[in-house]
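If you want the building blocks of each chain, they are given just below.
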Amino acid sequence: MPYELDPYDEWIKRDANPDNAEIVADSGNLYLRHWNGDVFWYTGTAMNWVNMSTQRKVVPGGKVVQLAAGGERLYCLCLSGDIWQILDGYLDD
Amino acid sequence: MWETWTERDMLHADDIAAIRDKYGIRDGSWHRICAQSNAAQIVATRNGHLYRRDSDGKVWQHNSLLNWSLLDQCADTAQIDATSYNLDQRHYNGEVFRWTGKWVSIDVGDGNVQIASARNSKKLYQRHKNGQVWQYTSGSSWMWLDENSSTVEITANGSTVFLRHDNGAVYRYHGKPGDWSEVCGVSNTTRIVGD
């Protein structure tokens, strides 16, 4: 299930990794980018992330340098200048 | 919002078929919507708009596929931010402009180093180099919310605005100038994100 924001007086550790470079959130979905450009989607279970770069095929534009999420889509700005989009969530064919 | 399933391997094929029958089959593939640009920043809004700022200051709005509309070309543009309601840009000199079909100045700048939109509301905030935090009201008017030289970042959601100090502490605004409470103490926090 999509995660929900915690009360502000309670913090739940969702990940612990020095590779983490950026997080973005939208409408209950939380995404994470590693310094190497890999992109992850939070499953709703603490410390449990899905690598969208591999599970959903590597982002074709190459290394991802910035994320944006909105309108039920995740956008990836790549080092090449490409911008790629994919739908939110996680239900593949 | 789409339903999501994370334990797909535990679902029977009939379950998957039923889910798809109810919600449809999602296109889980990547689509290129911009090719080899000099994009420096992208901003997505909850109602499905996507904007990009190029390193030469151009500002674009995504239409469909690989089609974009040019909204501005000014080398002074340092940052854009957007919500479902507004698109704003900050210049390197701190000046802030709002897109209304044309660009309208809503602040003359002077010390403004960051703007932050509340994604699901019309609220806009700015942070000054000296740690001041201001909320946009109307016209070219802004309301002072805080001043602390330790403030290095702000972010907002539809309810309120948050700020981060250089020691990792995070504070939440309570709707009255100067009234903030700590939601995270001194920490290694390096980035805060509102939703």
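Refer to the structure above for everything that follows.
Quick look at the structure, then. In this text, all values refer to a predicted model and were calculated from it rather than measured experimentally.

**Let's talk about the overall build of chain A**
Regarding its fold elements, chain A presents one helix and seven strands. Among the 93 residues that make up chain A, the fraction classed as buried is 37%. Of the contacts formed within chain A by residues at least 6 apart in sequence, a portion of 34% connects residues at least 24 apart.

**Topic: the overall build of chain B**
Along chain B, the regular secondary structure elements total one helix and 17 strands. Taken over 195 residues, chain B has a buried fraction of 32%. Counting contacts in chain B only where the partners sit at least 6 residues apart, residues at least 24 apart contribute 32% of the total.

**Considering the pairing of strand S13 (residues 141–147) of chain B**
Residues and elements named next belong to chain B. Across six bridges, the pairing between strand S12 (residues 132–138) and S13 is antiparallel. Residue pairing for S13: glutamine 135 is matched across the bridge by methionine 143. Linking S12 back to S13 in an antiparallel pair, the connection comprises two residues, with glycine 139 at a positive phi of about 55°.

**Points about unusual backbone geometry**
Residue and element names in this part refer to chain A. Positive phi, normally seen in glycine, also occurs at methionine 47, with a value near 70°. Relative to the assigned elements, methionine 47 resides in the loop between strand S3 (39–42) and strand S4 (49–51). Methionine 47 sits in the exposed class, given 12 other C-beta atoms within 10 Å. Look at glutamate 72: it is not a glycine, yet its phi comes out positive at around 65°. Within the secondary structure layout, glutamate 72 lies in the loop between strand S5 (64–70) and strand S6 (73–78).

**So, the environment of leucine 74 of chain A**
Note that leucine 74 of chain A resides in strand S6. Separated by 63 residues in the primary sequence, leucine 74 of chain A and tryptophan 11 of chain A have C-alpha atoms spaced 25 Å apart.

**Digging into the sheet that holds strand S8 (residues 96–99) of chain B**
All names here are of chain B. Pairing is antiparallel across the open sheet formed by four strands, whose spatial order is S6-S7-S8-S9. Strands with a single pairing partner mark the edges of an open sheet, and in this sheet they are strand S6 (77–82) and strand S9 (103–107). For this sheet, the mean inter-axis angle between neighbouring strands, taken without regard to orientation, is 30°. Bridge analysis of S6 against strand S7 (residues 87–91) gives five bridges, and the strand direction is antiparallel. By the bridge assignment for S7, aspartate 81 is matched with aspartate 88.

**Some thoughts on the sheet that holds strand S4 (residues 58–64) of chain B**
Residues and elements named next belong to chain B. Spatial ordering of the open sheet is given by S2-S3-S4-S5, a layout of four strands whose pairing is antiparallel. Two strands in the sheet have a free side with no partner beyond their single neighbour: strand S2 (39–44) and strand S5 (67–73). On average, each strand axis in the sheet is tilted by 25° relative to the strand beside it, whichever way the strands run. In the sheet, S4 pairs with S5 via six bridges, with the strands oriented antiparallel. Note that in S5 the partner of lysine 58 across the bridge is glutamine 73.

**Thoughts on the environment of leucine 71 of chain B**
Residue and element names in this part refer to chain B. Mapped onto the elements of the fold, leucine 71 is located in strand S5. Leucine 71 gets classed as partly exposed once you count the C-beta atoms within 10 Å, which come to 19. A sequence separation of 85 residues divides leucine 71 from alanine 156, and the C-alpha atoms of the two residues are 25 Å apart. Residue contacts for leucine 71: discarding those within four places in its chain leaves Val59, Trp60, Gln61 and Trp99.

What counts, and where the lines are drawn
- Residues numbered from 1 in each chain as written.
- Chains lettered and ligands numbered in written order.
- Predicted model: local features only at pLDDT ≥ 70, side-chain atom pairs only at ≥ 80, totals over all residues.
- Helix = DSSP H or I, 4+ residues; strand = E, 2+ residues; numbered from the N terminus.
- Buried ≥ 20, exposed ≤ 12 C-beta atoms within 10 Å, placed from the backbone.
- Contact = placed C-beta atoms within 7 Å.
- Pairing = 2+ DSSP bridges.
- Axes fitted to C-alpha atoms, helices over the stretch in contact; angles between N-to-C directions.

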